[in-house]
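Results of the structural survey
So the chains spell out like this:
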Amino acid sequence: MLDRAVLGAPILTAAQMRAAEDRAIAGGASVASLMERAGTGVAEWVHRLAAGAEVLILCGPGNNGGDGYVAARALASRGVPVRVAALREPKSEAAVAARAGWTGPVERFPDPMLPHAPVMLDALFGTGLSRALDAPVADAIRALADRARLSVAIDLPSGVDTDSGGDFGQALARFDVTLALGALKPAHLLQPAAALCGTVCTIEIGLPPEGGAGDTRALAVPRVAAPDATSHKYSRGMVAVVSGRMHGASELAALAAYRAGAGYVLLLTGGLPHPPHAIVRQRWSEDALDDQRIGAVVIGPGLGRDDRAQDKLDAALASPHPLVIDGDALHLLDLDRLRDRDAPAVLTPHAGEFAALFGEGQGSKIARAREAARRSGAVVVFKGADTVIAAPDGPANVALPASPWLSVAGTGDVLAGAIATMFAQTPSTPFEAASAGVWLHAEAARLLDRCFLADDLADALPLALERAR
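What you see is a predicted model, and the numbers here were worked out from it, not measured in a lab.

**Focus: the environment of proline 222**
Mapped onto the secondary structure, proline 222 falls in the loop between β8 (216-218) and β9 (238-242). Residue proline 222 is classed as buried on the basis of its relative accessible area, which comes to 14%. Remark: the alpha-carbon pair of proline 222 and alanine 433, spanning 211 residues in sequence, is separated by 9.0 Å. Not counting residues within four places of it along the chain, the set of residues in contact with proline 222 comprises Ala436, Trp439 and Ala468.

**With respect to the side chain of arginine 341**
Checked against the element boundaries, arginine 341 lands in the loop between α10 (335-340) and β14 (345-347). Buried and unpaired, arginine 341 has aspartate 342 as its nearest opposite-charge partner, separated by 8.7 Å. A polar contact of 2.8 Å, which involves the side chain of arginine 341, links it to the backbone oxygen of leucine 317.

**Here we look at unusual backbone geometry**
Residue proline 110 follows phenylalanine 109 across a cis peptide bond; omega there is -5°. Here the bond from glutamine 191 into proline 192 is cis, since omega is 5°, no more than 30 degrees from zero. As for its placement among the helices and strands, proline 192 is situated in the loop between β6 (177-181) and α6 (194-197). The phi dihedral of phenylalanine 168 is positive, around 55°, even though this residue is not glycine. Mapping phenylalanine 168 onto the fold places it in the loop between β5 (150-154) and β6. The backbone phi angle of cysteine 451 is positive, close to 50°, even though this residue is not glycine.

**Focus: helix α5 (residues 135-147)**
Taking 1.5 Å of rise per residue, the 13 residues of α5 would be expected to cover 18 Å, and the 18 Å separating its terminal C-alpha atoms lies within 8% of that figure. Burial in α5 covers these residues: Val137, Ala138, Ala140, Ile141, Leu144 and Ala145. One side of α5 carries all its buried residues, which in axial view fall inside an arc of 165°. Turned more than 90 degrees off the buried face of α5, the exposed positions are Pro136, Asp146 and Arg147. Residues of α5 that are buried make contact with β1 (55-59), β4 (119-123) and β5.

**Here's the deal with the pairing of β4**
Across the five residues of β4, five count as buried, placing the element largely inside the fold. Neither face of β4 is exposed, since Val119, Leu121 and Ala123 on one face and Met120 and Asp122 on the opposite face are all buried. As defined by bridge partners, β1 adjoins β4 across five bridges and the pair is classed as parallel. By the bridge assignment for β4, valine 55 is matched with valine 119. Relative to β5, β4 runs parallel, the two being bridged by four bridges.

**A word on the packing of helix α2 (residues 31-50) against helix α3 (residues 63-77)**
For any two helices packed against each other, one specifies the inter-axial angle together with the distance between the axes. Packing of α2 against α3 brings their axes to within 7 Å, and their N-to-C directions diverge by 55°. Here α3 runs oblique to α2, going by the angle between their axes. Considering the relative orientation of α2 and α3, their crossing is right-handed. Contact residues: Val31, Met35, Glu36, Ala38, Gly39, Thr40, Val42, Ala43, Val46 and His47 in α2; Asn63, Gly66, Asp67, Val70, Ala71, Arg73, Ala74 and Leu75 in α3. When its residues are assigned to classes, the contact of α2 with α3 shows ten nonpolar, five polar and three charged.

**Some words on the UniProt feature "binding site: AMP" (unreviewed entry) in the chain**
UniProt's entry tags Lys383, Gly384, Ala385, Asp386, Thr387 and Gly412 with the feature "binding site: AMP" (unreviewed entry), counted in the numbering of this structure. The largest pairwise C-alpha distance within this set of annotated residues, which runs over 30 residues, is 13.7 Å, so the set is compact in three dimensions. If you trace the backbone, lysine 383 turns up in the loop between β15 (379-382) and β16 (388-390). The buried category is assigned to lysine 383, whose relative accessible area is 13%. Residues within four places of lysine 383 in sequence aside, it is in contact with Asp326, Thr348, Pro349, His350, Ala351, Lys365, Gly412 and Leu415. A distance of 3.2 Å separates polar atoms of two side chains, one belonging to lysine 383 and the other to aspartate 326.

**Considering helix α8 (residues 307-318)**
Between the first and last C-alpha of α8 there are 16 Å, a value that for twelve residues agrees with the 16 Å anticipated at 1.5 Å per step. Residues Ala309, Lys312, Leu313, Ala316 and Leu317 constitute the buried set of α8. When α8 is viewed along its axis, its buried side chains cluster within an angular range of 140° and face the same direction. Seen from the open side of α8, the exposed residues pointing more than 90 degrees away from its buried face are Asp307, Asp311 and Ala318.

**Topic: the pattern of salt bridges**
A full pass over the atoms with the stated rule returns 20 salt bridges. The salt bridge partner of glutamate 443 is arginine 446, with a shortest N-O separation of 3.1 Å. Taken together, the positions of glutamate 443 and arginine 446, both in helix α14 (residues 430-448) and three residues apart, correspond to about one turn of that helix. On the accessibility criterion, glutamate 443 (2% relative accessible area) is buried. As a salt-bridge pair, arginine 467 and glutamate 443 come within 3.2 Å of each other at their nearest N and O atoms. Highlighted residues: arginine 467 in helix α16 (residues 461-467) and glutamate 443 in helix α14, separated in sequence by 24 residues. Each of Glu54, Arg83 and Glu107 takes part in one network of salt bridges that share partners.

**Some details on the sheet that holds β8**
Taken in spatial order, the ten strands of this open sheet run β8-β17-β16-β15-β14-β13-β12-β9-β10-β11, and their pairing is mixed. Here the strands that pair on one side only, and so sit at the sheet edges, are β8 and β11 (280-282). Across the sheet, the mean angle separating the axes of adjacent strands is 20° when strand polarity is ignored. Two strands pair when backbone bridges link them, and β15 and β16 are joined in this way by three bridges, in the antiparallel orientation. Bridge pairing links valine 381 to isoleucine 389 in β16.

**Side note on the sheet that holds strand β2 (residues 82-86)**
Read across the open sheet, the seven strands follow the order β3-β2-β1-β4-β5-β6-β7; overall the sheet is parallel. Whereas interior strands pair on both sides, the edge strands pair on one side only; in this sheet they are β3 (106-108) and β7 (199-203). Averaged over all neighbouring strand pairs, the angle between strand axes comes to 25°, with direction disregarded. Most of the contacts of α2 go to β7, to which it runs at about 135°, and overall it touches β1, β4, β5, β6 and β7.

Conventions and cut-offs
- For every chain, the first residue of the written sequence is number 1, and numbering continues from 1 onward in sequence order.
- Reporting of local features is limited, given that this is a predicted model, to residues whose pLDDT is at least 70; pairs of side-chain atoms are given and counted only at 80 or more, and all residues count toward the totals for whole chains, interfaces and linings.
- No hydrogens and no water enter the side-chain calculation; it runs on all heavy atoms of the structure.
- Per the convention used, a helix needs a DSSP run of H or I reaching at least four residues, while a strand needs a run of E reaching at least two, with both numbered from the N terminus.
- Only protein chains enter the accessibility calculation, which uses a 1.4 Å probe; a residue whose area is less than 20% of its type maximum is buried, one above 50% is exposed, and one in between is partly exposed.
- In what follows, residue pairs with any heavy atoms lying within 4.5 Å of each other are defined as contacts.
- Only four residue types enter the charge count, namely Lys and Arg as positive and Asp and Glu as negative; His and the chain termini do not.
- Salt bridge, as used here, is a side-chain nitrogen of Lys or Arg placed within 4 Å of a carboxyl oxygen of Asp or Glu.
- As used in this structure description, the phrase polar contact means that two N or O atoms lie within 3.5 Å; if the pair is within protein, one of them must be able to donate a hydrogen and the other to accept it, and residues adjacent in sequence are counted only when both atoms belong to side chains.
- Helix span, as expected, comes to 1.5 Å for every residue beyond the first.
- Picture the helix axis, draw a direction to every C-beta atom, and the arc is the one those directions span.
- At least two DSSP bridges between two strands are required for those strands to pair.
- Orientation is described by axes fitted as lines to C-alpha atoms, over the contacting stretch for helices, and by angles from 0 to 180 degrees between their N-to-C directions.
- Orientation categories follow fixed angle ranges, with anything under 35 degrees roughly parallel, anything over 145 roughly antiparallel, 65 to 115 roughly perpendicular, and all other angles oblique.
- By convention, the crossing between two helices is left-handed when the near helix turns anticlockwise from the far helix through less than a right angle, and right-handed when the turn is clockwise.
- Classification used: nonpolar for Ala, Val, Leu, Ile, Met, Phe, Trp, Tyr, Cys and Pro, charged for Asp, Glu, Lys and Arg, polar for all others including Gly.
- UniProt positions are given in the numbering used here, feature names are shortened, and annotations may be inferred rather than shown by experiment.

Have a look at this one:
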């Protein structure tokens, strides 16, 4: 998970990080000064976390290893017992200088006889790794991390791909804390790497403000306005939910829309009325979406994939309303027709639905979501243990790693309803509405903690709303 202090912070790819460092150097910094700030910043964190315990620092041959040597020197100056083990001699000029500043012994790594320590610091490989680790190296890091009371990675756990969050097919070490240098990287939020990082905190190293940030950020806490004395049911947003063969899914979306703060929820269904009676149930008809007061339409949860389902989707696409398109509707959707609409849309595919609609694609999940948004002309919420929200004009938000307890039927229907309310009731852009819905959904899951149903998740949305005001 991320330290919440970094919510809303920019996320830099490896290339963007190198460009930001180049700008810092052009502005008067040096590689050595950036390394000094990084290493001393790491030492400050580790000094607090280690509580006087012995620290073993694993140093690689590049600048990540140089950061480790600086941290070792700074920790030793504070009286912390430090050991250093190196994979190879440093190669870069700054790393060579940092190694020269460490006057203690250097042990060999990997070595089956290398003793473990209560605190282990991984400074082997950081940003920019492009291949799998040698198996003995990966095995040794994992063994030392497993035996440590506290394991810390500098910038990134060794062995992960910075931009995709991939692990090159290896079983890698899991860390308690990862100290991101200068900025967040995609691998801090994208799986499987995010699960290896533990708590992610950032260390300022003197990069130019927003330098090279591009337009990708960690999802921030949204600002959701509470009703005031002038509010009424329509000003708070009217959401219509189109039902299909599985009524329970649309019921969940409708309930979530209400719990997220909608003033009026219309469920277009053939099912029988039942609690909550506040949901207005009306049978589907060709003119069911003619009401101009509708602020957003949810279609897809439990819709089915037959001719009747296609007719309902066609009617929704022909309407002038903003759409949240989920589930079965994603399998029936014509992207050309979607692009021709004047009203905005949000698509909420999980990985299987995404592949069916857009293909497997190339690049990271962020890149694939951004390309899908461009192709469709819609905001794309690419769901999963890591969720990416991408807008057609380029911006993207990446949510904190999601609660694994969301892996239960119906939670996606709840998300669709929450996004629709944000869409219907606020003057925000579709991208902002989708981002707010994703944040509320994830926050509700965090508040529930574990072993919840999708119904519980919808009921927890008001508590999540309190965190966004």
